[in-house]
Amino acid sequence: MKEIRMVDLATQYQHIKQEVDTAIQEVIDSTAFINGPAVKRFKENLEKHLQVKHVIPCANGTDALQLAMMALDLQPGDEVITATFTYVATAEVIALLKLTPVLVDVEEDSFLIDPEKIEKAITPRTRAIVPVHLFGQCADMEKIMDIARRHNLYVIEDTAQAINAEYRFSDGRKLKAGTIGHIGCTSFFPSKNLGCYGDGGALFTNDDRLAEKLRMIANHGQSVQYYHDIIGVNSRLDTIQAAILDVKLRRLDDYTRARQKAAAYYDRAFADHPLVKMPYRVSNSTHVFHQYTLTLHPKVDRDGLKKYLAEQHIPAMIYYPVPLHQQKAYRSDRYRDGDFPVAERLCKSVISLPMHTELTPEQQDYIITHVINFLNQYNP
């Protein structure tokens, strides 16, 4: 059996090697390494795929979040609400810009930010909400956008883990993750569902004014070379990475279906086991399975399972072992241990299994067998 990897980019590359190699060579031959034609082509193709007016490529997903907050003119001390159960980048940028991160708990089943907790956290200083579409499905954007409208707040979607997921509104409308709020942000880190071979990111918006401002901020605050109208940064998507992403974008729907098929295979194996909960699917979003994350019964030694799987040459990951409010960098007098019981429980009980486009039934059978072997040592 082929080596099991958490994300098998090597095998994925072999299937698209000729197209990727040709695309890279075209960039090298043109020597248009910065803002070359491949960047514009990818931008336009991603706009069509997501059905959004503007895609603004940038250097990485963290930059995308920073650019979004700069474009909205958030000021030091303004409060931005986000989830405590997420990757650090979401809160990192808030703090970096001297804004105040306001953390809230997540929903038990979905792991997604809890809209009721958002509403309770709003104060006169609140300016924005950053819902994280964690692990591959959308937060409840209809409720979140309603809250934002009633309180005159911006919404910045963190869709780094959910590109190509589709949200369904109660009136039947369907929109892609990242195209619902005022600005959407994504990452093209290699392990993402749409990943390049280095760093990369992008922002999405349907607002013409915001799009123009985002482009300026990402380009040193200029729209005309050497004329700097606003404070900006240098954040751009490398042309070679754009060329690679354009090849992979053509297969994004196929990649999504492959992940969903692998998730369904896992589901059938774990459906009736009393010591494990499968990933919950919310009713108003598709799930693109950036991660396949199990929740273990409290009696199960999660770290012991991870160690046992490693001994069987099966990688597994814990996303995330510590919630943001318990991280040293984000400790605050406003939070105490126990304030976010759902996130704190999840950090002690979740484990993610290998999930990617190249998983085979043989590999999954091997993974499943060893997970169940470990679990069966416990009495239900």
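Refer to the structure presented above.
Residues numbered from 1 in each chain as written. Predicted model: local features only at pLDDT ≥ 70, side-chain atom pairs only at ≥ 80, totals over all residues. Heavy atoms only, no water.

Caption draft 1: Here's a closer look at the overall build of the protein. Along the protein, the regular secondary structure elements total 12 helices and 14 strands. With the C-alpha coordinates aligned to their principal axes, the bounding extent of the protein is approximately 70 × 55 × 40 Å. A total of 380 residues make up the protein; the buried ones form 57% of that total. A separation of at least 24 residues holds for 72% of the contacts in the protein among residues at least 6 apart in sequence. For the protein, the exposed area adds up to about 16,900 Å²; of that, 50% sits on carbon and sulfur atoms. In the protein, the 44 positive side-chain charges and the 48 negative ones have mean positions that sit 1 Å from each other. (Helix = DSSP H or I, 4+ residues; strand = E, 2+ residues; numbered from the N terminus. Buried < 20%, exposed > 50% of the residue type's maximum accessible area, 1.4 Å probe, protein only. Contact = heavy atoms within 4.5 Å. Areas by Shrake-Rupley, 256 points an atom, 1.4 Å probe, with all protein chains shown as cover. Lys, Arg positive; Asp, Glu negative; His and termini not counted. Charge placed at Lys NZ, Arg CZ, Asp CG, Glu CD.)

Caption draft 2: Quick look at the environment of aspartate 146. When you line up the elements, aspartate 146 lands in helix 6 (residues 141-151). Spatially, the C-alpha atom of aspartate 146 lies 16 Å from that of leucine 175, the residues being 29 residues apart in sequence. A polar contact of 3.0 Å, which involves the side chain of aspartate 146, links it to the side chain of arginine 150. (Polar contact = N/O pair within 3.5 Å; in protein donor to acceptor, adjacent residues only side chain to side chain.)

Caption draft 3: View of a nonpolar patch on the surface. A cluster of nonpolar side chains, namely Ile28, Phe33 and Ile34, defines an oily patch on the protein surface of about 260 Å² accessible area. Along the chain, isoleucine 34 turns up in the loop between helix 1 (9-30) and helix 2 (37-50). The partly exposed category is assigned to isoleucine 34, whose relative accessible area is 48%. (Patch = residues over 30% accessible without salt bridge, like charges linked within 9 Å, V, L, I, M, F, W, Y side chains within 5 Å. Salt bridge = Lys/Arg side-chain N within 4 Å of Asp/Glu carboxyl O.)

Caption draft 4: Geometry of the pattern of salt bridges. Scanning all chains against the criterion turns up 24 salt bridges. Linking aspartate 208 and lysine 53 is a salt bridge whose minimum nitrogen-to-oxygen distance equals 2.8 Å. A residue pair is termed long-range when its members are at least 10 positions apart, and aspartate 208 in helix 7 (residues 208-218) and lysine 53 in the loop between helix 2 and strand 1 (54-58) qualify at 155 residues. Close ionic contact of glutamate 79 with arginine 334 constitutes a salt bridge, the shortest N to O distance being 3.7 Å. With glutamate 79 in strand 2 (residues 79-83) and arginine 334 in the loop between helix 10 (302-311) and helix 11 (341-349), the pair connects residues that are 255 residues apart, well separated along the chain. Accessibility expressed as a relative area gives 9% for glutamate 79, which makes it buried. When its relative accessible area of 41% is taken as the criterion, arginine 334 is described as partly exposed.

Caption draft 5: Geometry of the sheet that holds strand 9 (residues 201-205). Here we have seven strands laid out as an open sheet, ordered 1-9-8-5-4-2-3, and mixed in their pairing. Looking at the sheet topology across the chains shown, the edges are occupied by strand 1 and strand 3 (100-104). Across this sheet, the average inter-strand angle for adjacent strands is 25°, counted without regard to direction. Pairing between strand 5 (residues 154-158) and strand 8 (residues 183-187): three bridges, direction parallel. Paired with glutamate 157 across the bridge in strand 8 is glycine 184. Contacting strand 1 and strand 9, helix 2 crosses the sheet at an angle of about 135° to strand 1. (Pairing = 2+ DSSP bridges. Axes fitted to C-alpha atoms, helices over the stretch in contact; angles between N-to-C directions.)

Caption draft 6: Inspection of the nonpolar core at higher detail. Within the largest apolar cluster, 47 residues are counted, with the highest numbers of intra-cluster contacts made by Phe85, Ile118, Leu134 and Ile144. Contributing elements (two or more residues each) for this core: strand 2, strand 3, helix 5 (115-121), helix 6 and helix 11. If you tally residues by element for this core, the top one is helix 6, at five residues. Apart from residues lying up to four places away in sequence, leucine 134 is in contact with Phe85, Thr86, Phe111, Leu112, Gln161 and Tyr320. (Core = buried A, V, L, I, M, F, W, Y, C linked by side-chain atoms within 4.5 Å.)

Caption draft 7: Structural context of the packing of helix 2 against helix 8 (residues 239-249). Two elements in contact, helix 2 and helix 8, have axes separated by 8 Å at closest approach and are oriented at 35°. Two packed elements cross with a definite hand, and for helix 2 against helix 8 that hand is left-handed. Note on element contacts: helix 8 touches helix 2 through Thr239, Ala242, Ala243, Leu245, Asp246 and Leu249, opposite Ala38, Val39, Arg41, Phe42, Asn45, Leu46 and His49. Counted by class, the contact of helix 2 with helix 8 contains eight nonpolar, three polar and two charged residues. (Left-handed = near helix turned anticlockwise from the far one by under 90°. Nonpolar A, V, L, I, M, F, W, Y, C, P; charged D, E, K, R; others polar.)

Caption draft 8: Quick peek at the environment of alanine 162. Position of alanine 162 relative to the elements: it lies in the loop between strand 5 and strand 6 (166-168). Overall, alanine 162 belongs to the buried group, its relative accessible area being 0%. Each C-alpha atom, one on alanine 162 and one on threonine 186, is 8.5 Å from the other, the two residues being 24 residues apart in sequence. Those residues within four positions of alanine 162 in sequence are excluded, and the remaining contacts are His133, Gly136, Gln137, Ala177 and Val288.

Caption draft 9: Spatial organisation of unusual backbone geometry. The amide bond that connects tyrosine 319 to the next residue, tyrosine 320, takes the cis arrangement and shows omega of 10°. Phi is positive for threonine 31, close to 55°, though the residue is something other than glycine. With respect to the helices and strands, threonine 31 occurs in the loop between helix 1 and helix 2. If you check the backbone angles, histidine 220 has positive phi at about 60° while not being a glycine. Assignment of secondary structure puts histidine 220 in the loop between helix 7 and strand 10 (222-224).

Caption draft 10: Quick peek at the side chain of glutamine 66. In this fold, glutamine 66 is placed in helix 3 (residues 61-71). The exposure class of glutamine 66 is buried, given its relative accessible area of 17%. Setting aside residues up to four positions removed in sequence, glutamine 66 forms contacts with Val93, Leu96, Leu97 and Val233.

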